[in-house]
Amino acid sequence: MAAIVLAGVSIGAAEAQTTSADPLNLSGALSLALENNPITGAARAEIRAAEADALQAGLWDNPTLGAEIEEFGSDRGGLGDADTTLSINQTIPLGGDRGRAREAANAWASAASAELALQRNRLLASTAQAYVAAQAASETLSLRMELLEIANNSADAIRSRVEAGRASPIERNRADMLVGLATIAANDAASAQSAANNQLVAIWSGGPVNGELAPPLQAFDLTAYSDAQPVNWISDNPELLQLRAITRARSQEIRRERAAAIPDLTVGAGVRRFGGTDETAFVATLEVPIPVLNRNQGGVAAAASRENAARLNEEVMRRSLIAQYASSAGRFARAQSTYTQLNENILPASENALGAAQGAYREGALDILNFLDIQRSYFDVRVDLITARAELARAAIELDVLAGAPQLNRLVETNSEEAVQ
């Protein structure tokens, strides 16, 4: 009986994993997401559209071909006696409005590039968080299945003892209860693991994860998240950078509207044929609007108001990110403290308690059911450690994303280099 129970427990802190020859790690999951998720492709299409807008904004209007026929169908005669003028007219922009329009469009293209960085940042964040959840769920399922197997083996041994008359039927009932609790926990863990895996692979429309998921926490340099200054930490945040790009584009819009207030010059040149004498002459035209009523004052005022709104939105985001940093840094500190306590104090104490219970059970000083309770508590501590490690990884990801995801991007670059090699 003791051999059956004790063989199922490892006193070491190593935790069970699903074995696979080809494990998926965090950097691999991030690369799959970037390569196969359409959200970054949509952002790149917006960049190309903005660049095309910039090209179009800098182009002059096409010249126009004009034809004018005068004084025909009257007493002077038919079309042959009419005065005919053929001319080509070209509008020449003054005030640099085409250049300003191109600069404004280029600024919006930069804003579209900032949007791509933001979408990439969000995709990395959601993928990393989904990976952490899937890995923790897989590890928890392994532990729960291990405990269920031990509970079943122990219950079978207890039933044999009861049937042989060497134990009370009460022990069988308690053993069945422990098996039931272990079964519920294993079923819940299996359901959570399936849901977490499905959420992860849905990001890149992949198949089920059948292999091992490598622990993600070891991929992060946790020392980088300590004692940072909020203003410096968020300086490269993609949301803030995007709003700054929008503010710059709004500033360029003001210049464009001011340049548009300067009227354009239209010049023309042509040839006129006088039908009555069959003579020809050159003609030239010049047109300049008189900016008396419309000086584009409304357009300039609207652009200025939009720029002011953009600056205010940028400041709102800056303050929001500082508040998010405070919340995420607090979460990270709490998660790190919890994980440290579990890993360095609680888990060793639980291992010692299980070791003492094993010795007491061998000597007959502890019955099998109480020993199984202690064993189950040890497994619960290991599950708590998995949860704490996942929470610490999630908190680290939050902080990393606020800073523009430098560590997540490093993981993607590392995976790309390894793929090339």
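Summary of the structure given here. Bear in mind the structure is a predicted one, so any value in this text is a computation, not a measurement.

When helices and strands are tallied, the protein chain shows ten helices and four strands. Ordered by position in the sequence, the α and β elements of the protein chain form the string α-α-α-β-β-α-α-α-α-β-β-α-α-α. Whereas a compact globule of 421 residues would reach a radius of gyration of roughly 22 Å, the protein chain reaches 37 Å, over 25% beyond that. For the protein chain, buried positions account for 42% of its 421 residues. Restricting the contact set of the protein chain to residue pairs at least 6 apart, pairs at least 24 apart contribute 83%. In the structure as shown, the protein chain presents an accessible area of about 21900 Å², 53% of it carried by carbon and sulfur atoms. Side-chain charges of the protein chain comprise 35 positive and 51 negative groups, with the mean position of each set lying 5 Å from the other.

All right, on to helix α4 (residues 97-163) then. Compared with an ideal rise of 1.5 Å per residue, which puts 67 residues at 99 Å, α4 spans 97 Å between its outermost C-alpha atoms and is within 8% of the ideal. Where α4 terminates, the next one or two residues include G165, which has phi positive at roughly 80°.

Taken in spatial order, the four strands make up an open sheet running β1-β2-β3-β4, and their pairing is antiparallel. One side of each edge strand has no neighbouring strand; the edge strands of this open sheet are β1 (64-70) and β4 (279-287). Each strand axis lies, on average, 20° off the axis of its neighbour in the sheet, ignoring direction.

Let's shift gears to the pairing of strand β3 (residues 265-274). As paired elements, strand β2 (residues 83-92) and β3 share nine bridges and run antiparallel to each other. Each bridged residue has a counterpart across the sheet, and for T84 the counterpart in β3 is R273. Pairing geometry for β3 and β4, over nine bridges, is antiparallel. Bridge pairing in β4 links G270 to V283. Between β3 and the antiparallel strand that follows it, β4, lie four residues; D278 among them carries a positive phi value of about 60°.

A volume near 150 Å³ is recorded for the largest pocket. As for the largest pocket, its lining consists of 13 residues, of which N25, L26, S27, A219 and L411 are closest to the centre. When contributions to the lining of the largest pocket are tallied by element, the ones reaching two or more residues are α2 (26-36) and α10 (406-420). When the residues that make up the lining of the largest pocket are grouped by side-chain class, the tally is six nonpolar, five polar and two charged.

Our next topic: the side chain of S31. Tracing the chain through its elements places S31 in helix α2. With near-sequence residues (within four places) excluded, S31 lies in contact with V412 and N415.

Moving on, we come to the packing of α2 against α4. In the contact formed by α2 and α4, the axes pass within 9 Å of each other and the chain directions differ by 135°. Of the possible angle classes, the one that applies to α2 and α4 is oblique. Of the two possible hands of crossing, α2 and α4 adopt the one that is right-handed. Listed contacts from α4 to L26, A29, L30, A33 and L34 of α2 are R120, L123, L124, T127, A128 and Y131. Tallied by class, the residues present in the contact of α2 with α4 amount to nine nonpolar, one polar and one charged.

Basis of the calculations
- Here the residue index of a chain counts from 1 through its sequence in written order.
- Totals for whole chains, interfaces and linings use every residue, but because this is a predicted model, local features are given only for residues with pLDDT of at least 70 and side-chain atom pairs only at 80 or more, for both listing and counting.
- Excluding hydrogens and water, the side-chain values take into account all heavy atoms of the structure.
- A helix here means a DSSP run of H or I that spans at least four residues, while a strand means a run of E at least two residues long, and both kinds are numbered starting from the N terminus.
- Taken over C-alpha atoms, the radius of gyration is set against a globule rule of 2.2 Å times the number of residues to the power 0.38.
- Relative accessibility under 20% of the residue-type maximum defines a buried residue, over 50% an exposed one, and the middle range a partly exposed one, all with a 1.4 Å probe and only protein chains included.
- Contacts were defined at the residue level, with two residues in contact if any of their heavy atoms lie within 4.5 Å.
- Here the open area of atoms and residues is found with the Shrake-Rupley method and a 1.4 Å probe, where only the protein chains shown may cover a residue.
- By the counting rule applied here, Lys and Arg register as positive and Asp and Glu as negative, while His and the ends of each chain are not counted.
- For charged residues, the charge sits on one atom: NZ in Lys, CZ in Arg, CG in Asp, CD in Glu.
- Expected helix span is given by 1.5 Å per residue-to-residue step, counting one fewer step than there are residues.
- At least two DSSP bridges between two strands are required for those strands to pair.
- For helices, the fitted axis covers only the stretch in contact; all axes are lines through C-alpha atoms, and the angles between them, taken along N-to-C directions, range from 0 to 180 degrees.
- A cavity here means a set of 1 Å grid points, computed over protein atoms only, where a 1.4 Å probe fits but cannot escape. A pocket is an open set with protein on both sides within 12 Å along at least 5 of 7 lines, and lining residues have an atom within 4 Å of a point.
- Grid points are joined across faces, edges and corners, and a volume is the space filled by probe spheres set on the points.
- Residues are grouped as follows: nonpolar covers Ala, Val, Leu, Ile, Met, Phe, Trp, Tyr, Cys and Pro; charged covers Asp, Glu, Lys and Arg; every other residue, Gly included, is treated as polar.
- The labels follow the angle: roughly parallel below 35 degrees, roughly antiparallel above 145, roughly perpendicular from 65 to 115, and oblique for the rest.
- Left-handed describes a crossing in which the near helix is turned anticlockwise from the far one by less than a right angle; the clockwise case is right-handed.

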